[in-house]
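Remarks on the overall topology
Residue strings, one per chain:
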Amino acid sequence: MTQLLLDLRPNQPPSLDNFIVGKNDELLARLRLLAEPGCFDALYLWGAPGCGKSHLLGAAASLALRRRPVLLLDGCRAASADFHAPPGGLLVVDDVDALDEAAQIALFRIFNTARLVGLGLLLAGRQPPAQLKLREDLRTRIGQTLIYEVKTLADEQKADALQRHALERGLKVDAGLVRYLLSHGRRDLPSLMAVLDHIDRVTLERKQQATLPLLKEVLQLQLAPADHEPRPL
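Residues numbered from 1 in each chain as written. Predicted model: local features only at pLDDT ≥ 70, side-chain atom pairs only at ≥ 80, totals over all residues. Heavy atoms only, no water.

Moving on, we get to the nonpolar core. Judged by nonpolar contacts, the single largest core of 25 residues is most densely connected at Leu162, Val173, Leu181, Ile199 and Leu215. For this core, the secondary-structure elements that each account for two or more residues are α5 (155-169), α6 (175-184), α7 (189-206) and α8 (212-223). Excluding its chain neighbours within four sequence positions, the residues that come into contact with Leu181 are Leu162, Leu192, Val195, Leu196, Leu215 and Leu219. (Core = buried A, V, L, I, M, F, W, Y, C linked by side-chain atoms within 4.5 Å. Buried < 20%, exposed > 50% of the residue type's maximum accessible area, 1.4 Å probe, protein only. Helix = DSSP H or I, 4+ residues; strand = E, 2+ residues; numbered from the N terminus. Contact = heavy atoms within 4.5 Å.)

Okay, structure coming up:
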């Protein structure tokens, strides 16, 4: 029986400092400003899955929580009763395009009172406001916010991020392995980092170095469709 080693090293919580900035400099500066108690701006972030929207929302909420009340909601699970306006605080809603009808009405009402109670708003979804499948009144309100598309990283930036992530875990990977991962793995950074995390666990369990055959083995597990045999790489 193979003895599994427990990985006791905690994952880094999301922060603006450990986000790979790329072409999102202005957005990060705006999020740092939004964390301040006197800032009551309304921001909307959008972008493809894996671009880092949820990371940024969690990071901004954590930073703001040191200075003001914060309410962080997941649109997939949020109910209308969850929406309230902490005076002077910050309301953060991820996956806003997943809100049900009642929650959309509640958020629209929050928009109407935000300035009166001194409330900042930070929302995120997959599409730009005009393409959101929401109530017309709420979609219009979101379209009046400060809108930022979260820019994805170039391959060179992803490679640097992967090398840094491996180094933080104490995992030795050469540039050739990173290039192969970028060519054959999924394109979003969280999935790529998850492959490195898996390789790190396997190398600890097997007491071996990270190699190309091991990377191919892990990628087969990640890329294989459900209920099908792994595809050869």
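Moving on from the coordinates now.
Topologically, Tyr44 is positioned in strand β1 (residues 42-46). Taking the C-alpha atoms as reference points, Tyr44 and Gly125, 81 residues apart in sequence, are found 7.8 Å from one another.

On to empty space enclosed by the protein, then. Evaluation of the coordinates by the stated rule reveals one cavity of 30 Å³ or more. Quantified by volume, the largest cavity comes out at close to 50 Å³. For the lining of the largest cavity, the secondary-structure elements that each account for two or more residues are α6 and α7. Per-element accounting of the lining of the largest cavity gives the leading share, three residues, to α6. The residue makeup of the lining of the largest cavity, split by class, is eight nonpolar, no polar and no charged. (1 Å grid on protein atoms, 1.4 Å probe; cavity = no way out; pocket = protein on both sides within 12 Å on 5 of 7 lines; lining within 4 Å. Points joined across faces, edges and corners; volume = space filled by probe spheres on them. Nonpolar A, V, L, I, M, F, W, Y, C, P; charged D, E, K, R; others polar.)

With respect to the element layout, Thr203 can be found in helix α7. Non-local contacts of Thr203, meaning those with residues more than four positions away in its chain, are made with Leu171, Gln208, Gln209, Ala210 and Leu214.

With respect to the helices and strands, Arg169 occurs in helix α5. Overall, Arg169 belongs to the buried group, its relative accessible area being 11%. Once the C-alpha coordinates of Arg169 and Leu196 are considered, the two residues, 27 residues apart in sequence, prove to be 9.2 Å apart. In this structure the side chain of Arg169 is engaged in a polar contact, spanning 2.8 Å, whose partner is the side chain of Asp200. (Polar contact = N/O pair within 3.5 Å; in protein donor to acceptor, adjacent residues only side chain to side chain.)

Per the stated rule, a full pass over the model turns up eleven salt bridges. With its nearest N and O atoms 3.1 Å apart, the salt bridge here joins Arg32 to Asp17. With Arg32 in helix α1 (residues 25-34) and Asp17 in the segment before α1, this residue pair connects regions lying 15 residues apart in the sequence. Given a relative accessible area of 64%, Asp17 falls into the exposed group. A salt bridge links Arg67 to Glu36; the shortest N-O distance between them is 3.6 Å. Taken together, the residues span a long stretch of sequence, with Arg67 in the loop between α2 (53-65) and β2 (70-74) and Glu36 in the loop between α1 and β1 at a distance of 31 residues. Residue classification places Arg67 among the partly exposed residues on the basis of a relative accessible area of 38%. Each member of the salt-bridge network shares a partner with another, and the members are Glu101, Arg135 and Asp137. (Salt bridge = Lys/Arg side-chain N within 4 Å of Asp/Glu carboxyl O.)

Here we take up α6. One turn of an α-helix holds 3.6 residues; hence residues three or four places apart share an orientation. Taken together, the buried positions of α6 are occupied by Leu177, Val178, Tyr180, Leu181 and Leu182. Sitting at the head of α6, Asp174 places a side-chain oxygen 3.0 Å from the backbone nitrogen of Gly176.

The buried fraction of strand β3 (residues 90-94) is high, at five of five residues. Of the two faces of β3, the one lined by Leu90, Val92 and Asp94 and the one lined by Leu91 and Val93 are each fully buried. For β2 and β3, the ladder comprises five bridges, and the chain directions are parallel. When the bridges of β3 are listed, Asp74 appears paired with Asp94. Sheet analysis places β3 next to strand β4 (residues 120-125), joined by four bridges and oriented parallel. Within the sheet, the bridge partner assigned to Val93 lies in β4 and is Leu123. (Pairing = 2+ DSSP bridges.)

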